[in-house]
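What the coordinates show
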Amino acid sequence: MTATEALPAEEALEPAALSSFQGQKLREMLQKLPGRNGFYTRKLEAAGVALADLTLPRDLHRLPFTTKAELVADQAAAPPWGTALSEPLSHYTRYCQTSSTTGRPLRWIDTNQSWQWMIECWKAVYRGARVGAGDRIFFPFSFGPFLGFWVAFDAGSQIGAHCVPGGGMSSAIRLSLLESLDVSVVCCTPTYALHLAEVAAAEGRSLRDCGVKVVIVAGEPGGSIEATRRRIQEAWGARVIDHHGLTEVGPLSFECWEAPGHLHLNESRFYCEVIDPATLSPVGDGVRGELVVTSLGRDASPVLRYRTGDIVVRRSTPCACGRTWARLEGGILARADDMVNVRGVNVYPAAIEAVVRDFPEVVEFRSTVAAAGALRTLRVEIEPAPGAGDPLTLAAAVGQRLREALGLTAAVQVAEAGNLPRFEMKARRFVVENRD
Ligand SMILES: [Zn+2]
């Protein structure tokens, strides 16, 4: 583990200097689109805005948003790659696809240049996590076509850390590796961090004995949900550092050591806006809205004003770590498309997780929204930990806390030990039947 090092200048720019830097990067990015990138050439022409007339970043709002649906439709119309690429296909060396389980996956490809740009984004994550040369990083993650921790792995080796891949092996084997390799850092999903702790406990072992100092979690919002991060930290005896990114955007934000539960936006490599998702107007600091991102340097496969669907609250006040990059208070609060209305109450999966993870007696859970319209009901199945006591008393307690937190009565049912699914990748604990 490295000591805190001086921050690079780009992470501590004064607001005026940061804005000027972003304006320059936006100009460079936009100038490369017309005539090269078919998708954005058409969008910019349709918007009828002369790029030369824009003062950036102030006038960026005059340019159109990009949605995932548009990109998916573009790939469907011009398969397999679509037209949102700025370079000849022969320049691309990396392939990823989104892990979306709903609808068609989005393919996203990178050149060596754009991949290296993403690696630089991950180096900022490692600086926030105080990870550097001399650390040994273990990745209990299946290295498939999802972006996941691929960039983290490459960035880890470039900062001089020793990177150990943990794909294609059982949890028990991963546990043995952890115990034998003197690992100081682990990168995985919050769910999998908890699952490994459960596997260890079942074998009478403890992750606290492994010597891991930092668990960097990504892929789900749990890293910023207080009850979830507390459980991970207690099980591992390590600090949780949350990270958030999107395949089509890149490694966007990270937690610093000094401000637990918040995510710094990497504002040197992304221009970030927060908008009201209904009116599409910008909202100020401290107001809940949807995060919109423009990548500044992923030249081969850029996104312009991309609507992430992530609901956030932004704060630009100074952080104790010295970074001037804005923070997302409480991390990613919700996904716009995850919200379900149950009998007049808006229900978000993260709100349920925040309640259930606060019960150490519950090892796993699953929520199901059944039926549609006015008949919708919320059912939460909980799996008690071994020795958790009377399961019906536990179910009643969880039900009461859910009612207080959500303003909604949920049917809490007890599941048999081992009956609920465990997840390594993005957990699907929130099931919506007959979504309309
Ligand atoms: Zn900070």
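Residues numbered from 1 in each chain as written. Predicted model: local features only at pLDDT ≥ 70, side-chain atom pairs only at ≥ 80, totals over all residues. Heavy atoms only, no water.

**So, the coordination of the zinc ion**
Summarising the metal site, the zinc ion is bound by the protein donors Cys256 (SG), His264 (NE2), Cys319 (SG) and Cys321 (SG), whose distances to it range over 2.1 to 2.3 Å. In this structure, the zinc ion is coordinated by 4 donor atoms arranged in tetrahedral fashion, with angles at the metal of 103 to 114°. Considered as a linear motif, the donors of the zinc ion on their single chain read C-x7-H-x54-C-x1-C. We note that cysteine 256, like histidine 264, is buried. (Donors = N, O, S within 2.8 Å, 3.2 Å for Na, K, Ca; no water. Tetrahedral: all angles 85-135°; square planar, octahedral: opposite > 155°, others 65-115°. Buried < 20%, exposed > 50% of the residue type's maximum accessible area, 1.4 Å probe, protein only.)

**Some thoughts on the nonpolar core**
Formed by 67 residues in total, the largest nonpolar core has its most connected members in Trp122, Tyr126, Ile137, Ile216 and Leu291. No other element matches helix α4 (residues 112–128), which puts 9 residues into this core. (Core = buried A, V, L, I, M, F, W, Y, C linked by side-chain atoms within 4.5 Å. Helix = DSSP H or I, 4+ residues; strand = E, 2+ residues; numbered from the N terminus.)

**Overview of the pairing of strand β8 (residues 250–254)**
Buried residues dominate β8, accounting for 5 of its 5 residues. Bridge count between strand β7 (residues 239–246) and β8: 4 bridges; the pairing is antiparallel. Residue histidine 243 lies in a different strand from β8, and its bridge partner there is phenylalanine 254. As consecutive antiparallel partners, β7 and β8 are separated by 3 residues. (Pairing = 2+ DSSP bridges.)

**As for helix α2 (residues 38–47)**
Among the residues of α2, those classed as buried are Phe39, Tyr40, Thr41, Lys43 and Leu44. The elements touched by buried residues of α2 are α3 (68–77). Downstream of α2 by one or two residues, glycine 48 has phi in the positive range, about 65°. (Contact = heavy atoms within 4.5 Å.)

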